[in-house]
Amino acid sequence: MYAGVMKDNVTTRLILENVSHDYGSLAVLRNLNLAVMHGEFLVLVGPSGCGKTTLLNILSGYIKPVSGNVQINGIIRTVYQQDGLFPWLTVAENISMSLRDVKDKSLREKEVKELIALIHLEGFENHYPHQLSGGMRQRVELARVLAGDSDILLMDEPFSALDYQTRLRMRYELVRLLSKRKRTVVFVTHDIEEAAQLADRVLVLADRPAHISKELKIEAARPRNPTDDAVIEATKTILGELGLHSSVIKEL
Ligand SMILES: Nc1ncnc2c1ncn2[C@@H]1O[C@H](COP(=O)(O)OP(=O)(O)O)[C@@H](O)[C@H]1O
Ligand SMILES: [Mg+2]
């Protein structure tokens, strides 16, 4: 487990060994083995209800699996589908909440200002979440989790509540922010195109009890478009792995 100060030469951020989990009689995860490398962008895809959120909660240490080992090397921040902003705090105050440990007030203010500039929300510092669009709120959410020191972002379908165009913009936004503030990312989605556009590596989870049915590395440069050959190719491979070939879809 994470213990105090990390060394910079960490190569593996998260390790699961033979992890299985069930909720009573419902077997959810079966014998998962997984290593997430430092700096990697790992995407988990799988059908709804297959155990993706459970797996993320195990990776964060929030759930202790019924069996197996979990090793966490670093400080984790988590992003959910619905933003985790406090509705009674302004944009600046929400971001500042992540910096409570920074005692120097002027340092804290400088960091908040820098992050607001980074997400292009200058002028909205004193707005409350309800005064922002869904996309703007998720940008504040990204600033909130990128504020201060952390090593690992766990993201659970962070863009799935947004409309398609906003979702596309958020993918670019995330890639851009990570180029400025490097993090190891585990990103859960049921959106296959999103997986193909963002990932260094995609793990396809088979239905319950979930296990890894396919691993796919995508080495194309970033930022990627949904229409890039590498992204389309990866999308096809993942669809095939999920049993959603075009021939199958015609029969549905
Ligand atoms: N706390 C819980 N208690 C009982 N069953 C749960 C609990 N959380 C999730 N489940 C069940 O476990 C399965 C996997 O859930 P989840 O990890 O949320 O899947 P996903 O995120 O892939 O949609 C689902 O069938 C869900 O109903
Ligand atoms: Mg889920």
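See above for the structure.
For every chain, the first residue of the written sequence is number 1, and numbering continues from 1 onward in sequence order. Each chain takes a letter, starting from A, and each ligand takes a number, starting from 1, following the order in which they are written. Per-residue local features of the predicted model are confined to residues with pLDDT of at least 70, and side-chain atom pairs are confined, for both listing and counting, to 80 or more; whole-chain, interface and lining totals are unaffected and use all residues.

A. Focus on the sheet that holds strand 2 (residues 26–37). Any two strands are treated as partners once DSSP identifies two or more bridges connecting them. Only DSSP runs of H or I reaching four residues or more are called helices, and only runs of E reaching two or more are called strands; each is numbered from the N terminus. Ordered by their spatial adjacency, three strands build an open sheet running 2-1-4, and the pairing between neighbours is antiparallel. In this open sheet, the two edge strands, each paired with only one partner strand, are strand 2 and strand 4 (67–72). Strand after strand, the sheet turns through a mean of 15 degrees between neighbouring axes, direction not considered. Of the pairings in the sheet, the one linking strand 1 (residues 12–23) to strand 2 comprises eight bridges and is antiparallel in character. When the sheet's bridge partners are listed, Tyr23 is paired in strand 2 with Leu26. Placing a C-beta atom from the backbone of each residue, one calls two residues in contact when those atoms lie within 7 Å. An axis is simply a line fitted to the C-alpha atoms; with a helix, the fit covers only the stretch in contact. Between two such axes, the angle follows the N-to-C directions and lies from 0 to 180 degrees. Contacting strand 1, strand 2 and strand 4, helix 1 (residues 52–59) crosses the sheet at an angle of about 130 degrees to strand 1.

B. Focus on the sheet that holds strand 6 (residues 152–156). Here we have six strands laid out as an open sheet, ordered 5-6-7-3-8-9, and mixed in their pairing. Because the sheet does not close on itself, it has two edges, and the strands there are strand 5 (76–79) and strand 9 (212–217). Recorded for the sheet is a direction-independent mean angle of 15 degrees between the axes of neighbouring strands. In this structure, strand 6 lies alongside strand 7 (residues 184–189), joined through five bridges in parallel fashion. Directly across from Ile152, in strand 7, lies its bridge partner Thr184. Taken strand by strand, helix 1 contacts strand 3 (41–45), strand 6, strand 7 and strand 8 (201–205), and its axis lies near 160 degrees from that of strand 7.

C. Layout of the pairing of strand 3. The buried fraction of strand 3 amounts to five of the five residues, a majority that puts the element mostly inside the structure. Residue burial is a threshold on neighbouring C-beta atoms within 10 Å of the residue's own C-beta, all placed from the backbone, with 20 or more meaning buried, 12 or fewer meaning exposed, and counts in between meaning partly exposed. Across the two faces of strand 3 the burial is the same, with Phe41, Val43 and Val45 and Leu42 and Leu44 all buried. Inspection of the sheet shows strand 3 paired to strand 7 by five bridges, in the parallel sense. The partner of Val45 across the bridge, within strand 7, is Thr189. One ladder, built from four bridges, connects strand 3 with strand 8; its direction is parallel. Note on strand 8: the bridge partner recorded for Val43 is Val202.

D. Here's a closer look at the environment of Leu99. Note on placement: Leu99 falls in the loop between helix 2 (91–97) and helix 3 (105–118). The class for Leu99 is buried, based on 20 C-beta atoms found within 10 Å. Along the chain, Leu99 and Gly148 lie 49 residues apart, while their C-alpha atoms are 6.0 Å from each other.

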